[in-house]
Amino acid sequence: MGPNPYQNLPVRNYWRQGVASASPFEWRDLYSKKFDISTKTRVSCAGSCFAQHVGRHLRDRGFNYQDFEPAPSLLEGSELRHKYGYEIYSARFGNIYTARQLRQLFLRASGKFVPSEQVWEQDGRFYDPFRPAVEPEGFASLAEFKAAQELHFSAVRHMARRTDLLVFTLGLTEAWVSRTDGSVYPMCPGTHAGVFDADKYEFKNFSYSEILADMKWVVAYLTRINPRLKLLLTVSPVPLVATATNKHVLVATTYSKSVLRAVAGTLSDEFDFIDYFPSYEIISAPATRGFFYDPNLRTVTDAGVTFVMRHFFSEHGTGESPSAPTPETKMQSNLAKLEVVCEEEILASFSTVG
Amino acid sequence: MLIIFGDSHVKSLKSGFDLLPDRAAYDGAVKFAPIGPFPRFLTPFFAKTSKGITFTKGSLRRLYLEGTGDEGIDAGTDNTYVFSAPLNPLGLLCNDDWNHFSPPGILDKRRTISTAVMEQIVLQHFNPLTSFLKAFIELNIRCIVVSGPPARFDNVLMARKASVEARRKIDEVCRATMIRTIENLGLAVIPPPKGTFDEYSNLLPQYHHERRTDYHHANSDFGMLLMKDILAHIGATKAVPDRKVATLQK
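Conventions we followed
Residues numbered from 1 in each chain as written. Chains lettered and ligands numbered in written order. Predicted model: local features only at pLDDT ≥ 70, side-chain atom pairs only at ≥ 80, totals over all residues. Helix = DSSP H or I, 4+ residues; strand = E, 2+ residues; numbered from the N terminus. Buried ≥ 20, exposed ≤ 12 C-beta atoms within 10 Å, placed from the backbone. Pairing = 2+ DSSP bridges. Axes fitted to C-alpha atoms, helices over the stretch in contact; angles between N-to-C directions. Contact = placed C-beta atoms within 7 Å. pLDDT = per-residue confidence, 0-100. Nonpolar A, V, L, I, M, F, W, Y, C, P; charged D, E, K, R; others polar. Expected span 1.5 Å × (residues − 1). Arc of directions from axis to C-beta. Parallel < 35°, antiparallel > 145°, perpendicular 65-115°, else oblique. Core = buried A, V, L, I, M, F, W, Y, C linked by C-beta atoms within 7 Å.

Tallying secondary structure elements over chain A gives ten helices and ten strands in all. Projected onto the principal axes, the alpha-carbon positions of chain A cover approximately 75 × 45 × 40 Å. The proportion of buried residues among the 354 residues of chain A is 44%.

Here is the structure:
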């Protein structure tokens, strides 16, 4: 057998040595940073539920985490703050599950897109269709809703200009959109708020090319107004709560994650200022046998999140090795885990199967 | 026995009581215990036992004993307790948050918070006091909540950068939220007497405290009017010594 490219590669390149015969706690070189993140780097976070973990860990480690829509200090306790959408991300976005939602947010905040349906009124309360969970009981008046919306848009514009690193977690390909103008909603109308009307809303499963186009639009938009901006992409390892396709939820999840992972890879390969952090792989790899998932096989355990973030911090700043979390960090993480907000989970309550 | 106790506003109730023309009819039937100041009630301050309620803060315990002769609130008596504190908005009004945030409905350069968030802030702020009132209900002790005087929005202690409109709105939401909460518990609330405040909920000048630099408390005249309302509420306006206690216990 003559010389070939597969000879003398590092251990990480071989499945048997790099994965199968190694404990996941001994995995090395899963991630090599593209650029430095210093404690001065202004970091903002947005995306689907898993991004909350990243933001929380960055904040806890003393990184320069930005909050453009902070809670009043009078509102005490993270549970209550999270209930009203504060301190989950760098502004009160709620979860941004899809790339189209992120694109739409910047378009709306800059006044370039005004959805035909901007508010849902129900029983005298006013709900934001694009972030229904940040005011769970709705706003008390239309004026209050508009004031909050303008404040939010202002925060989004500030974030676009004053962020050095945007951490964005791609969450879903599936969404519900308006038949009238294509507005995309984070949640199906009629779940958290609003009334479902098949004549007004339709299901959309975004394709690779659509998601890539949306993300490229976001990249172009952000770097035009903030040329120094860098992006760190992750893909949420959290499976779909439910699918609206005609596929089994496992098949739909695999499609969704595959597409999102491919988009993140394409962007990371194409742009030197976009990095990809493989939290998805670390959590969902077959070699971990699902032990980073909670018993529901969906949400990620605290130990899993801590483990993932150790890989991250081994490259960014603290120099620690990505070994198993200690009981102490597990406990700290458990406390914080209670506060993760995932609006999509409401879909599980609609199952009629026990 | 009628026990009127709570924050520093109890002092004007006591001086107002002394001005009542028929004050003598209540001799020995009304006791006053100003055990404030108000911030003492914003952190846990009491313990409930099967026999009653005790104050866990030494200063409250001492002042309550001084005013009433009792160590604490005894569930075994037929006393009626009138409590002043759960409608005192000063702690919220003085918070520096209002230099950066605006209450609902106030659109200025600050970050306007929603009504729901504001109500949560109020409920959190007054939580130790709400728990205290719940203890009365759980022990089946008669209790009424009395309001202090309407706020003075020229109070120099209030958040420096908050506009008068913002201060008024904070006061309004604060009072409305707490009145609703207290009434939902099944307790009565005695508001400031009619005619003591203007259309903007400002305490009228004739009821300002005798000391000019006191922007927070009302004077004895205000106290007298509020005492009349308290007594009218209890139905004891014509009590005589023998009937007095029984009347006050209704």
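What follows covers the environment of A213(A). With respect to the helices and strands, A213(A) occurs in helix α6 (residues 208-225). Sequence-wise, A213(A) and L166(A) are 47 residues apart; in three dimensions their C-alpha atoms are separated by 18 Å.

It is worth spelling out the sheet that holds strand β2 (residues 30-34) of chain B at this point. Residue and element names in this part refer to chain B. An order of β2-β1-β6-β9-β10 is seen for the five strands of this open sheet, with the pairing classed as parallel. What marks the edges here is a single partner per strand, and that holds for β2 and β10 (188-190). Across the sheet, the mean angle from the axis of one strand to that of its neighbour is 25°, orientation sign disregarded. In the packing of helix α2 (residues 58-68) onto the sheet, contacts are made with β1 (2-6) and β2, and the angle to β2 comes to roughly 155°.

For the rest of this paragraph, the subject is the confidence of the model for chain A. With 91% of its residues at a pLDDT of 70 or more, chain A shows a mean pLDDT of 90. Low pLDDT, under 50, characterises residues 325-338 of chain A; the stretch is placed with 14 contacts to residues that sit more than four places away or in other chains.

A few words on the interface of chain B and chain A. Every contact between the two is made by 17 residues of chain B and, on the other side, 15 residues of chain A. For the side of chain B that touches chain A, the elements supplying multiple residues, two or more each, are β8 (111-112) and α4 (115-125) of chain B. Broken down by class, the residue content of the side of chain B that touches chain A amounts to seven nonpolar, eight polar and two charged.

We now examine the confidence of the model for chain B. The share of residues in chain B with pLDDT of 70 or more is 94%, and the mean pLDDT across the chain is 90. Scored as a whole, the predicted complex attains pTM 0.86, and scored at its interfaces, ipTM 0.84.

All names here are of chain B. Ordered in space as β3-β4-β5, the three strands form an open sheet in which the pairing is antiparallel. One side of each edge strand has no neighbouring strand; the edge strands of this open sheet are β3 (46-48) and β5 (73-74). Note that strand β4 (residues 52-55) and β5 share two bridges and pair antiparallel. Across the sheet, residue G52 finds its bridge partner in β5, namely D74.

All names here are of chain A. The end-to-end C-alpha distance of α6, which contains 18 residues, comes to 26 Å, matching closely the 26 Å that a straight helix rising 1.5 Å per residue would cover. For α6, every residue scored as buried is listed here: I211, D214, M215, V218 and L222. Taken down its axis, α6 places every buried residue within 95° of arc, on the same side. Facing away from the buried side of α6 by more than 90 degrees, the exposed set consists of S209, A220 and R224. The secondary structure elements touched by the buried residues of α6 are α4 (99-109), α5 (142-161), β5 (165-170) and α7 (249-270).

Before going further, it helps to examine the packing of helix α1 (residues 10-19) of chain B against helix α7 (residues 220-234) of chain B. Helix-helix packing: each pair is described by the crossing angle between the helix axes and the interaxial distance. Residue and element names in this part refer to chain B. Relative orientation of the contacting elements α1 and α7 amounts to 80°, with a least axis distance of 7 Å. The angle between α1 and α7 falls in the class roughly perpendicular. Here S12, L13, S15, G16, F17 and L19 of α1 come into contact with α7, specifically with S220, F222, G223, M224, L226 and M227. For the contact of α1 with α7, the residue count by class is seven nonpolar, five polar and no charged.

This part is about α4(A). Residues and elements named next belong to chain A. Counting buried positions along α4 gives nine out of eleven residues, so the element sits mostly inside the fold. Buried residues in α4 make contact with β1 (42-47), α5, β5, β6 (174-178), β7 (184-185) and α6. After α4 finishes, the residue G111 shows a positive phi value of roughly 75°.

This paragraph deals with unusual backbone geometry. All names here are of chain B. Here the bond from G36 into P37 is cis, since omega is 10°, no more than 30 degrees from zero. Within the secondary structure, P37 is located in the loop between β2 and β3. The phi dihedral of S201 is positive, around 70°, even though this residue is not glycine. Positionally, S201 belongs in the loop between β10 and α7.

Bringing the pairing of β6(A) into the picture now. Residue and element names in this part refer to chain A. Alignment of β6 against strand β8 (residues 201-205), held across five bridges, turns out to be antiparallel. Its bridge partner lying in β8, W176 is registered against F203. Here β6 pairs with β7 via two bridges, running antiparallel. Counterpart to V177 in the pairing with β7 is V184.

Let's shift gears to the nonpolar core. Among the nonpolar cores identified, the biggest contains 84 residues, and A46(A), V167(A), F168(A) and L233(A) are the most heavily contacted of them. For this core, the element with the most residues is α5(A), which contributes eight residues. Setting aside anything within four residues of it in sequence, one finds L233(A) in contact with F168(A), L170(A), A264(A), L267(A), S268(A), I274(A) and Y276(A). In terms of nonpolar packing, the next biggest core, distinct from the first, is built from 70 residues, A133(A), F17(B), A162(B) and I182(B) among them.

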